[in-house]
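If you want the building blocks of each chain, they are given just below.
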Amino acid sequence: MIDTHAHLDFENFDEDREEVISRFFEQGGKAIVNIGVDLETSKKSIKLAEKHENIFAAVGLHPECFSEGDRGDDLKKLAVNEKVVAVGECGLDYFRIGESGEIKERQKKGFLAQIELAQELNLPVIVHCRNAWNDLFEIVSEFLRLNLKNQKFVLHCYSGNKNDTEKFLKLPNVFFSFSGNITYPPRKSPSRSPFNKEGEVEDVIRMIPLDRIMLDSDSPFLAPQAVRGKRNEPSFSRYIAEKIAEIKEISGEEVERMTDENAEKFFGI
């Protein structure tokens, strides 16, 4: 099993980080991609990856962490490290900003700059999106139209609805990774969150071919329902695989095999 999105450098793991890592690999885990959200965590992600053969790093500036003062060459210096397999997480997050056009434009600028860096270095992009699917689709689709169509993207912790999914499925080299929140009970309308209203996430997962899906613990966040309330960790990715298998009516082994193959090809690991 490959966990394509974890934050093991976060302080949540300071007391038992090595035990958490060992537990994942002892239970059959193959690899972990550890994700940076700013320059400091990107540096920590690289250090962690250099310490473990089967942990890899992604470096990026989360939309809530990007500022006009960020220098692209600082991120590039990190991205050329041999253990770095992706740029991200980066993207758009409109959840807390209201109608602030200035913040939206800043996020768009930061996202596009990181896509361009990934293209320059021939790396895939790990995308964060919250409450911004229309703008995100516009940026990704236009980039793919004007530039190399072989640039790869993964929509991390995917929470788009059926209409969003139909649009993204038409784009080349766009993948979807799912996290523990797909195991939560459906939300009833009306709800503050658009995710999984009345069980729509199951329809979305059925729409997406298995060869475009990856597993994504988002540790330490979003622990699956079976362990909800606990700190999340990569070994809990098995619950995500089990839920996808249940929805698609296939075996958990098949989900694990295919999502591992997808991750290996996507990240080149």
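As shown above, the structure is provided for reference.
A short tour of the structure in this document, coming up. (Residues numbered from 1 in each chain as written. Predicted model: local features only at pLDDT ≥ 70, side-chain atom pairs only at ≥ 80, totals over all residues. Heavy atoms only, no water.)

1. Quick word on helix H7 (residues 200-207)
Those residues of H7 that sit buried are Val201, Val204 and Ile205. Each buried residue of H7 lies within a common arc of 95 degrees when the element is viewed along its axis, so the set occupies one face. If you follow the buried residues of H7, they end up packed against helix H6 (162-169), strand E7 (174-178) and helix H8 (237-248). (Buried < 20%, exposed > 50% of the residue type's maximum accessible area, 1.4 Å probe, protein only. Helix = DSSP H or I, 4+ residues; strand = E, 2+ residues; numbered from the N terminus. Arc of directions from axis to C-beta. Contact = heavy atoms within 4.5 Å.)

2. Considerations on unusual backbone geometry
Outside of glycine, negative phi angles account for most residues, and trans bonds account for most peptide bonds. For the bond from Gly88 to Glu89, the omega torsion is 15 degrees, close enough to zero to count as cis. One can find Glu89 in strand E4 (residues 84-93). Residues other than glycine seldom take positive phi values, yet Asn131 does so here, at roughly 55 degrees. Structurally, Asn131 can be placed in the loop between strand E5 (125-130) and helix H5 (133-146). The backbone phi angle of Asp218 is positive, close to 55 degrees, even though this residue is not glycine. Here Asp218 lies in the loop between strand E8 (213-215) and H8. Note on Asp218: relative accessible area 8%, which makes it buried.

3. Here we look at the nonpolar core
A general trend in soluble globular proteins is that nonpolar side chains are found buried together. Phe111, Leu136, Phe168, Phe178 and Ile244 are the most contacted members of the largest nonpolar core, which has 64 residues in total. Setting aside chain neighbours within four positions, we find Ile244 in contact with Phe178, Ile182, Ile205, Leu210, Ile213, Leu215 and Val255. Of all hydrophobic cores here, the second largest spans 15 residues; its members include Ile2, Ile35, Ala86 and Phe266. (Core = buried A, V, L, I, M, F, W, Y, C linked by side-chain atoms within 4.5 Å.)

4. Points about the packing of aromatic side chains
What describes a pair of aromatic rings is the distance from one ring centre to the other and the angle between the planes of the rings. A full pass over the atoms with the stated rule returns 10 aromatic pairs. Look at Tyr158 and Phe176: their rings are 4.9 Å apart centre to centre, the planes differ by 80 degrees, and that puts the pair in the edge-to-face class. Of the two residues, Tyr158 sits in the loop between strand E6 (153-155) and H6 while Phe176 sits in strand E7, which places them 18 residues apart along the sequence. Judged by its relative accessible area of 1%, Tyr158 falls in the buried class. The exposure class assigned to Phe176 is buried, which follows from its relative accessible area of 0%. Ring plane angle 70 degrees and centroid distance 5.3 Å describe the contact between Phe175 and Phe266, whose orientation is recorded as edge-to-face. Of this pair, Phe175 sits in strand E7 while Phe266 sits in helix H9 (residues 252-267), placing them 91 residues apart in sequence. Here Phe175 and Phe266 have matching classes, each one buried. One residue, Lys83, lies across the ring of Phe56, its end atom 4.9 Å from the ring centre. (Phe/Tyr/Trp six-rings, centres within 6.5 Å; stacked < 30°, edge-to-face > 60°. Lys NZ or Arg CZ within 6 Å of the ring centre and 35° of its normal.)

5. Structural notes on the sheet that holds E4
Sheet architecture is open: eight strands sit in the order E1-E2-E3-E4-E5-E6-E7-E8, paired in parallel fashion. In the strand order of this sheet, the two ends are held by strand E1 (2-6) and E8, each with one partner. Along the sheet, successive strands turn relative to each other by an average axial angle of 30 degrees, direction set aside. Where E5 lies against E6, three bridges are found, and the strand directions are parallel. Looking across to E6, one finds that Val127 is bridged to Leu155. (Pairing = 2+ DSSP bridges. Axes fitted to C-alpha atoms, helices over the stretch in contact; angles between N-to-C directions.)

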